[in-house]
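# Survey of secondary and tertiary structure
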Amino acid sequence: MLEMTLNGLEIQVEPGTTLLEAANFYGIEIPTLCYDAGLSPIGACRLCLVEIGSPDRSRLVSACTFPAQKGLEIRTHSKRVINARKLLIEMYLATCPSSKTIQDLASKHHVTRVRFKQKHDDCILCGLCVRICEEQMQAKAIEFIGRGHELRISTFFDKKSEDCRHCGACMYICPVCQARCQGPQEKDAVCNACLNLEPPCLEEFEDAMCYMDPCVACEQGHEPRKGCSQRKEGS
Amino acid sequence: MRQLQEQKASKEQNNNNASNNHSLVTMLHQIQETYNYLPENVLRELAKEKNIPLVDLYRVATFYSLFSLTPKGKHKILTCTGTACHVRGSEKVTEEISRVLGIQPGETTEDGEYSLEAVNCLGACALAPLVVVDEQYHANMTPAQIGALFNGVRKSTCQDKESSHCHCSSVAVGSKEKS
Ligand code: FES
Ligand code: FES
């Protein structure tokens, strides 16, 4: 058993577990895009970033690939982590605004604007389809093709693949294929129709407390700011 | 998690055994050397023989820019567009080559004689700007020298100077115009 601290909590995990598995085991939610419990993690989306090490010498690592170590200090909801997470979601929104998964993430993590050039791609290169095809379906019909900004997912010579059995697993697992729900007025890339919660504690504390339920900040009698635990007006 | 790792390890071992200690890149190099590019049917055969998933071959072949999936010309011309060469005017040199051959970087002439490739730094920056023709390095190139360079290449390889296909003279004219 390895002892670690998770958000100040003393925890014990078995050697060989990843930080994500440890956090999930202790009931702390870390958003993920490219992780699936049945597939090998590749750390492609970076959404599961957590902060490790003492606060003055901390660094961000992807929780889904980082193995548990003895004495590790992990913070899953520090200011740095949350800002990095929000930026990532914003960038994903700028790439694939048509994805319901990404729109939901944006609402959940209170990303309300996109400051990047808006694109309308249909792939975030998370590699879930590639892995499910190889690891679960044993077909290996698709792969990452090309390199750098030309990286894409395709079949051998971009032709109909003989290895494909049309099982549809790639579409099932794709976080982008599921189209976003069409709200009454859908004007721009950020939907935010599901937006309701914003942690008010980031202003007062270094860490968000909303992973604890009920929220410590709200419990301690801090005036919840407008927007906390209430549906935002007009949405 | 651990199960998955074990699965992966055993799979990797299988792959290694299957490839007969030849790395995939080496095999692709050999194919490229014989055929001048990577033909689809040869890749298919290789996959069958070595028991490698087809799509893996495609992945590796598209990852390295040295591999080509379309036929290349008999003569390979590389012009360096790296920093040192750029500073010393490689852009003009590339333009001149494009003009003389009538192709852009990445393309092959219709007669299948020349293919032009723009590359990043050939590791000989002191000789900038650099043009490599059939693995011969030509240092300190200027646009004015391009015509003469191709003249030399064509003369040395042209077998049918008398026939109508021969372009030897046309290049010479092009270079004269310029200088
Ligand atoms: S879930 Fe960890 S990097 Fe994507
Ligand atoms: S930049 Fe051309 S050889 Fe280095």
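This text follows the structure it describes.
To keep things clear, this report deals only with the structure shown in the data block. Because the structure is a prediction, the values reported are computed rather than measured.

### Digging into the overall build of chain B
In terms of regular secondary structure, chain B is built from 8 helices and 4 strands. Scored against the burial criterion, the 179 residues of chain B give a buried share of 38%. In chain B, the proportion of contacts linking residues at least 24 apart, taken out of those at least 6 apart, comes to 59%. For chain B, the accessible area works out to roughly 10,700 Å², and carbon and sulfur atoms hold 49% of it.

### Examining the side chain of Gln103(A)
Assignment of secondary structure puts Gln103(A) in helix 3 (residues 100–108). The contact partners of Gln103(A), leaving out residues within four places of it in the chain, are Leu93(A), Pro97(A), Arg180(A), Ala189(A), Val190(A), Cys191(A) and Asn192(A).

### Some points on the interface of chain B and chain A
Across the boundary between the two partners, chain B contributes 19 residues, which contact 29 residues of chain A. Both faces combined, the contact of chain B with chain A buries some 2,100 Å², and carbon together with sulfur accounts for 60% of it. Scanning the region where chain B abuts chain A turns up 4 salt bridges. Between Arg59(B) and Glu143(A) there is a salt bridge, with the nearest N and O atoms lying 3.3 Å from each other. Taken together, chain B and chain A are joined by 7 residue pairs in polar contact (both at pLDDT 80 or more). Breaking the side of chain B that touches chain A down by element, the ones donating at least two residues are helix 1 (2–18), helix 3 (40–50) and helix 4 (54–63) of chain B. Residue composition of the side of chain B that touches chain A, grouped by class: 10 nonpolar, 2 polar and 7 charged.

### Here we look at the nonpolar core
All names here are of chain A. Formed by 25 residues in total, the largest nonpolar core has its most connected members in Leu-33, Leu-47, Ile-102 and Ile-124. Secondary-structure elements contributing two or more residues to this core are helix 2 (79–95), helix 3, helix 4 (128–136) and helix 5 (169–173). With 5 residues, helix 2 is the single largest residue contributor to this core. Look past the residues within four positions of Leu-33 in its chain and what remains in contact with it is Cys-45, Leu-47, Tyr-92, Thr-101, Leu-105, Ile-124, Leu-128 and Pro-175.

### Points about the sheet that holds strand 4 (residues 136–138) of chain B
Residues and elements named next belong to chain B. Spatially, 4 strands are ordered 2-1-3-4 in an open sheet, and the strand pairing comes out mixed. The open sheet has two edge strands, strand 2 (114–119) and strand 4, and neither has a second partner. Looking at each pair of strands side by side, their axes are set apart by 20° on average, direction ignored. Here strand 3 (residues 131–133) runs beside strand 4; their pairing, made up of 3 bridges, is antiparallel.

### Regarding helix 4 of chain A
All names here are of chain A. Counting buried residues in helix 4 gives 7 out of 9 residues, a clear majority hidden from the surface. Along helix 4, the residues that are buried comprise Leu-128, Cys-129, Val-130, Arg-131, Ile-132, Cys-133 and Glu-135. Just downstream of helix 4, Gln-138 is the residue with a positive phi angle, here 50°.

### Remarks on the pairing of strand 3 (residues 49–52) of chain A
Residues and elements named next belong to chain A. The alternating pattern of strand 3 places Leu-49 and Glu-51 and Val-50 and Ile-52 on opposite faces, both of which are buried. Pairing between strand 3 and strand 4 (residues 59–62): 4 bridges, direction antiparallel. Paired with Glu-51 across the strands is Leu-60, a residue of strand 4. Counting the residues in the hairpin turn of strand 3 and strand 4 gives 6 residues, including Gly-53, whose phi is positive at 95°.

### Let's talk about the sheet that holds strand 2 (residues 9–13) of chain A
All names here are of chain A. The sheet built from 5 strands is open, its strands ordered 2-1-5-3-4 with mixed pairing. Looking at which strands have only one partner, the edges of the open sheet turn out to be strand 2 and strand 4. Averaged over neighbouring strand pairs, the angle between their axes works out to 40° when direction is ignored. Packing of helix 2 onto the sheet brings it into contact with strand 3, strand 4 and strand 5 (73–75), and relative to strand 3 it is tilted by some 155°.

### Brief notes about a nonpolar patch on the surface
Where nonpolar side chains cluster on the molecular surface, the patch consists of Leu9(A), Phe25(A) and Tyr26(A) and spans about 330 Å² of accessible area. Residue classification places Tyr26(A) among the partly exposed positions, given a relative accessible area of 31%.

### Here's the deal with the packing of aromatic side chains
Inspection of every chain in the model, using the stated rule, returns 7 aromatic pairs over all chains. With a centroid separation of 5.1 Å and an interplanar angle of 20°, the aromatic rings of Phe157(A) and Tyr58(B) are classed as stacked. One end of the pair, Phe157(A), is in the loop between strand 7 (152–154) and helix 5; the other, Tyr58(B), is in helix 4, on a second chain. Tyr58(B) carries the same exposure label as Phe157(A), and that label is buried. Residues Phe63(B) and Tyr64(B) carry aromatic rings whose centres are separated by 5.1 Å and whose planes lie at 75° to one another, so their mutual orientation is edge-to-face. Relative accessible area serves as the criterion here: at 34%, Phe63(B) is assigned to the partly exposed category. Judged by relative accessible area, Tyr64(B) falls into the partly exposed class, the value being 36%. The structure contains a cluster of three or more aromatic residues connected by ring pairs, namely Phe156(A), Phe157(A) and Tyr58(B). Here the basic side chain of Arg147(A) rests over the ring of Phe63(B), its NZ or CZ set 5.0 Å away from the ring centre.

### Some thoughts on the pattern of salt bridges
Inspection of every chain in the model, using the stated rule, returns 18 salt bridges over all chains. A salt bridge links Lys140(A) to Asp56(B); the nearest nitrogen and oxygen atoms lie 3.1 Å apart. In this pair, Lys140(A) sits in the loop between helix 4 and strand 6 (143–145) while Asp56(B) sits in helix 4, so the two residues belong to two different chains. The burial state of Lys140(A) is the same as that of Asp56(B); both residues are buried. A single network of salt bridges, built from pairs that share partners, joins Glu134(A), Lys140(A), Glu143(A), Asp56(B) and Arg59(B).

Quick notes on the rules
- Residues numbered from 1 in each chain as written.
- Chains lettered and ligands numbered in written order.
- Predicted model: local features only at pLDDT ≥ 70, side-chain atom pairs only at ≥ 80, totals over all residues.
- Heavy atoms only, no water.
- Helix = DSSP H or I, 4+ residues; strand = E, 2+ residues; numbered from the N terminus.
- Buried < 20%, exposed > 50% of the residue type's maximum accessible area, 1.4 Å probe, protein only.
- Contact = heavy atoms within 4.5 Å.
- Areas by Shrake-Rupley, 256 points an atom, 1.4 Å probe, with all protein chains shown as cover.
- Buried area = accessible area lost by both parts, 1.4 Å probe.
- Salt bridge = Lys/Arg side-chain N within 4 Å of Asp/Glu carboxyl O.
- Polar contact = N/O pair within 3.5 Å; in protein donor to acceptor, adjacent residues only side chain to side chain.
- Nonpolar A, V, L, I, M, F, W, Y, C, P; charged D, E, K, R; others polar.
- Core = buried A, V, L, I, M, F, W, Y, C linked by side-chain atoms within 4.5 Å.
- Pairing = 2+ DSSP bridges.
- Axes fitted to C-alpha atoms, helices over the stretch in contact; angles between N-to-C directions.
- Patch = residues over 30% accessible without salt bridge, like charges linked within 9 Å, V, L, I, M, F, W, Y side chains within 5 Å.
- Phe/Tyr/Trp six-rings, centres within 6.5 Å; stacked < 30°, edge-to-face > 60°.
- Lys NZ or Arg CZ within 6 Å of the ring centre and 35° of its normal.

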